[in-house]
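Chain and residue survey
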Protein chains: 2
Amino acid sequence: MIPTPYLLFLGDAPDILAAKVAVGIRDWRPGHAVGQFRLPGCGADLGLPEMTLEEARAAGARTVVVGVANRGGVVAESWKAVLKDALGMGLDVASGLHELLRDEPDLVAAAKAGGATLHDVRVPSVKYPIAEGRERAGRRCLAVGTDCSVGKMYTAMAMEREMRSRGMQATFRATGQTGILVTGSGVPLDAVVADFMAGAVEWLTPANDPGHWDLIEGQGSLFHVSYSGVTMALIHGGRPDALILAHEPTRSHMRGLPHYGLPTLERLRDTALPLARWANPGCEVVAVSVNTQHLGEDEAVRCCEEIEGRMGLPTVDPYRHGAGRLVDALP
Amino acid sequence: MIPTPYLLFLGDAPDILAAKVAVGIRDWRPGHAVGQFRLPGCGADLGLPEMTLEEARAAGARTVVVGVANRGGVVAESWKAVLKDALGMGLDVASGLHELLRDEPDLVAAAKAGGATLHDVRVPSVKYPIAEGRERAGRRCLAVGTDCSVGKMYTAMAMEREMRSRGMQATFRATGQTGILVTGSGVPLDAVVADFMAGAVEWLTPANDPGHWDLIEGQGSLFHVSYSGVTMALIHGGRPDALILAHEPTRSHMRGLPHYGLPTLERLRDTALPLARWANPGCEVVAVSVNTQHLGEDEAVRCCEEIEGRMGLPTVDPYRHGAGRLVDALP
């Protein structure tokens, strides 16, 4: 667990696109962000209060989150002075950068001096068990995609928010760096050792109240040959009761694999459901979540209507249309 | 690569069952074993020449392989004197034990002093790439099982031997510790980080002569929920041209999962083949390999005949009947 609330460090991010992690925290866990910290020349602005480290600490901040990514995922020298000051004041620092905080001797020394902790969310911090595949109380929903990066995280986040607004018990379960930094906990599944992948997902989604839903963040795709094993571990470790098919209709080939076309939603359904039912015979495909960001408003509506008619499943873009119908579709 | 040939260290193994790795080397790579080394009280005997370290070195040995497993997979204190002497003489030491050689300071010091190398085959020593899923020259065969531990490694080893005896180009590709120690190289797939599993399998099975076959060692099972993601990575990373279904007919439940029955061979075929064809549209299921070790001779024959009739595929136990018909079945 990363102590909350956070001060969001934007560094010298040239624009808001470089601050994806910080945007995710602001949008999905606004209560986690007391303010933002920007270096001179920073072109990103979250619209949060500008704070010094001292002001953030006075406002209750417990962790500085590196909310910005740069080319190569390195810990920039220009950021270090701030991060060291924060650590010296006893504030934790959390990062999803490729280069680890723990590999920077000056940050390690500053953390030790300040009694603070470095959180590298790219690296598992838990010794996960081997999966046992047992039935457990509580319910689980997983989004599986025709490709990577088609909106699986967004879908789960939006469903969690909708469910909480209805007074339902719901928990987004992060399996990637952004999700972990946003919520403060989770499993960096892409970095877990093969034998423990499914066990890590079980650990992340333990027995719960019968009415509670885990919204498990999906990863990869059964049809993305680079990462299909990770998706498989989510399906068998997560033991979902409900699958949501996630799709980006303008994608012409699998992400990063120009020689692979996309599977149809029918093929995704017919592949994922039997695999999921092996672990949980009651599993159902309940809805389709379409990422229509590259379509105009009319096109987006027509696209969802066409898929809904074809698949016989509620079909929405949760970003445009809200996640209400996805939540309504849960068994 | 682990330098060959080996001296096989049996330690104080109570019986031959505890020396599975050494037996595998003797059986599958007899040319790799110059002799055996046994401590007082050792109850295992490979029938190889008994050698001191000096004799082994004089016979050309370059590596001492820990060919024995004990409870907990620890490096026993009683073994260390021998291993340290070997390292001091410049012989490498290789082990698949759970406890790593590199974590034993006295072994590390002895290796340094002798200019020798410690090989922990449980730990990847290569930075594997992300899988690209591209067509590559040469052909590949993968055994997929109804469960774990049903004879997939044995099947691949037996096919490699049969193919070489026919003058075919064939290479067993190890994906587990025993296979790596037997052949001297491979990928410890269960210890590879999730995002790189399929890439590690691609790395292991590179482009080759058009007539060359890789016999890829299978791992786990698509129906074993603890490890199904590893199997998936083998199917997409290995891009097999031929699948062989592996089965143990007396198994009443999935290994270690008493609450899971086994899938039928039909279900295994119908699940694995479409997944494999996504990466390699030309893939075929070509044969069934049955592990009949728990059946009498007549029962074994009847079992294979029944499956052959039902599945319409050549069906043999390669241990009892040889791997000839499996090789004949390759496209």
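Quick notes on the rules
Residues numbered from 1 in each chain as written. Chains lettered and ligands numbered in written order. Predicted model: local features only at pLDDT ≥ 70, side-chain atom pairs only at ≥ 80, totals over all residues. Heavy atoms only, no water. Phe/Tyr/Trp six-rings, centres within 6.5 Å; stacked < 30°, edge-to-face > 60°. UniProt positions renumbered as here; feature names shortened; annotations may be inferred. Helix = DSSP H or I, 4+ residues; strand = E, 2+ residues; numbered from the N terminus. Salt bridge = Lys/Arg side-chain N within 4 Å of Asp/Glu carboxyl O. Buried < 20%, exposed > 50% of the residue type's maximum accessible area, 1.4 Å probe, protein only. Right-handed = clockwise from strand over helix to strand, strands pointing away. Pairing = 2+ DSSP bridges. Axes fitted to C-alpha atoms, helices over the stretch in contact; angles between N-to-C directions. Contact = heavy atoms within 4.5 Å. Domains from an automatic or database assignment. Buried area = accessible area lost by both parts, 1.4 Å probe. Least-squares fit on C-alpha atoms with pLDDT ≥ 70 in both. Parallel < 35°, antiparallel > 145°, perpendicular 65-115°, else oblique. Left-handed = near helix turned anticlockwise from the far one by under 90°. Nonpolar A, V, L, I, M, F, W, Y, C, P; charged D, E, K, R; others polar.

Moving on: the packing of aromatic side chains. In total, this model carries 14 aromatic pairs over all chains according to the counting rule given. Three or more aromatic residues joined by ring pairs form one cluster here, namely F9, F37 and W79 of chain A.

With that out of the way, let us pick up the UniProt feature "domain: D-glutamate N-acetyltransferase-like N-terminal" (unreviewed entry) in chain A. In this structure's numbering, the residues bearing the UniProt feature "domain: D-glutamate N-acetyltransferase-like N-terminal" (unreviewed entry) are residues 46–124 of chain A. Helix makes up 35% of residues 46–124 of chain A and strand 14%. Its end C-alpha atoms lie 29 Å apart.

Counted by the stated rule, this structure contains 44 salt bridges over all chains. Taking the shortest distance from any N to any O, the salt bridge between E104 of chain B and K80 of chain B comes out at 2.5 Å. Of the two residues, E104 of chain B is situated in the loop between strand 4 (92–95) and helix 4 (105–114) and K80 of chain B in helix 3 (residues 77–88); the sequence distance between them amounts to 24 residues. We note that E104 of chain B, like K80 of chain B, is buried. Taking the shortest distance from any N to any O, the salt bridge between R251 of chain B and E248 of chain B comes out at 3.7 Å. By relative accessible area, R251 of chain B is classed as partly exposed at 21%. For E248 of chain B, a relative accessible area of 4% translates into the label buried. The structure contains a network of salt bridges with shared partners spanning E77, K80, K84, E104 and D106 of chain A.

The next subject is the UniProt feature "domain: D-glutamate N-acetyltransferase-like C-terminal" (unreviewed entry) in chain A. Under the present numbering, the feature "domain: D-glutamate N-acetyltransferase-like C-terminal" (unreviewed entry) in UniProt falls on residues 130–327 of chain A. Secondary structure over residues 130–327 of chain A splits into 39% helix and 15% strand, and the C-alpha atoms at its two ends are 31 Å apart.

The next thing to look at is the pairing of strand 4 of chain B. Side chains D92 and A94 of chain B project from strand 4 of chain B onto one buried face, and the interleaved V93 and S95 of chain B project onto a second face that is buried too. With helix 4 of chain B bridging strand 4 of chain B and the parallel strand 5 (residues 118–120) of chain B, this β-α-β connection has right-handed handedness.

Let us now look at the sheet that holds strand 3 (residues 63–66) of chain B. Residues and elements named next belong to chain B. Pairing is parallel in the open sheet, where five strands are placed in the order 2-1-3-4-5. The open sheet has two edge strands with one neighbour each: strand 2 (33–38) and strand 5. Each neighbouring strand pair of the sheet contributes to a mean axis angle of 20°, computed without reference to strand direction. For strand 1 (residues 6–11) and strand 2, the ladder comprises five bridges, and the chain directions are parallel. Residue pairing across strands places Y6 opposite A33, the latter belonging to strand 2. On top of the sheet, helix 1 (residues 20–28) reaches strand 1, strand 2 and strand 3; it is set at about 150° to strand 1, its chief contact.

With that settled, consider the domain arrangement of chain A. All names here are of chain A. Here the domain parsing of chain A yields domain 1 (6–120) and domain 2 (139–329). With 14 residues of domain 1 in contact, the opposing surface of domain 2 contributes 14 residues. Both faces considered, domain 1 and domain 2 share a buried interface measuring about 1100 Å² in area, 61% of it formed by carbon and sulfur atoms. When the buried surface of domain 1 facing domain 2 is broken down by residue, V21, W28 and R29 rank first, second and third, together holding 57% of it. The tally of links between domain 1 and domain 2 comes to one salt bridge. A salt bridge links E160 to R29; the nearest nitrogen and oxygen atoms lie 2.9 Å apart.

We now examine the relation of the copies chain B and chain A. With an RMSD of 0.0 Å, the operation that places chain B on chain A is a rotation of 180° combined with a shift of 0.0 Å along the axis. Here the symmetry operator amounts to a two-fold rotation axis. In this assembly the copies share their binding face: 100% of the residues contributing to the interface of chain B also contribute to that of chain A.

Looking now at the sheet that holds strand 9 (residues 242–247) of chain B. All names here are of chain B. Reading across the sheet, the six strands line up as 7-8-6-9-10-11 and stay open at both edges, with parallel pairing between neighbours. Of all the strands in the sheet, just strand 7 (170–173) and strand 11 (315–316) have a single pairing partner and so form its edges. Sheet analysis places strand 6 (residues 139–145) next to strand 8 (residues 213–216), joined by four bridges and oriented parallel. Residue R140 lies in a different strand from strand 8, and its bridge partner there is D214. Together, strand 6, strand 7, strand 8, strand 9 and strand 10 (284–290) form the strand contacts of helix 5 (residues 152–165), whose direction differs from that of strand 7 by roughly 160°.

Structurally, the position occupied by R325 of chain A is in helix 12 (residues 324–328). The residues contacting R325 of chain A, other than those within four sequence positions of it, are E308, P314, T315 and V316 of chain A.

So, about the interface of chain B and chain A. Each partner contributes residues to the interface: chain B has 38 residues there, and chain A has 38 residues. Buried surface at the junction of chain B and chain A, summed over both partners, amounts to about 3100 Å²; 59% is from carbon and sulfur atoms. Its largest share of buried area at the contact with chain A, chain B owes to D195, V225 and W278 of chain B, together 22% of the area lost on that side. The tally of links between chain B and chain A comes to zero salt bridges.

Looking now at the packing of helix 8 (residues 228–238) of chain A against helix 8 (residues 228–238) of chain B. Running from N to C, helix 8 of chain A and helix 8 of chain B cross one another at 155°; their axes reach a closest spacing of 7 Å. Classed by the angle they form, the pair helix 8 of chain A and helix 8 of chain B counts as roughly antiparallel. Our pair here, helix 8 of chain A against helix 8 of chain B, has a crossing hand that is right-handed. Residues S228, G229, M232, A233 and H236 of chain A of helix 8 of chain A touch helix 8 of chain B, and the partners they reach there are S228, G229, M232, A233 and H236 of chain B. Tallied by class, residues from the contact of helix 8 of chain A with helix 8 of chain B come to four nonpolar, six polar and no charged.

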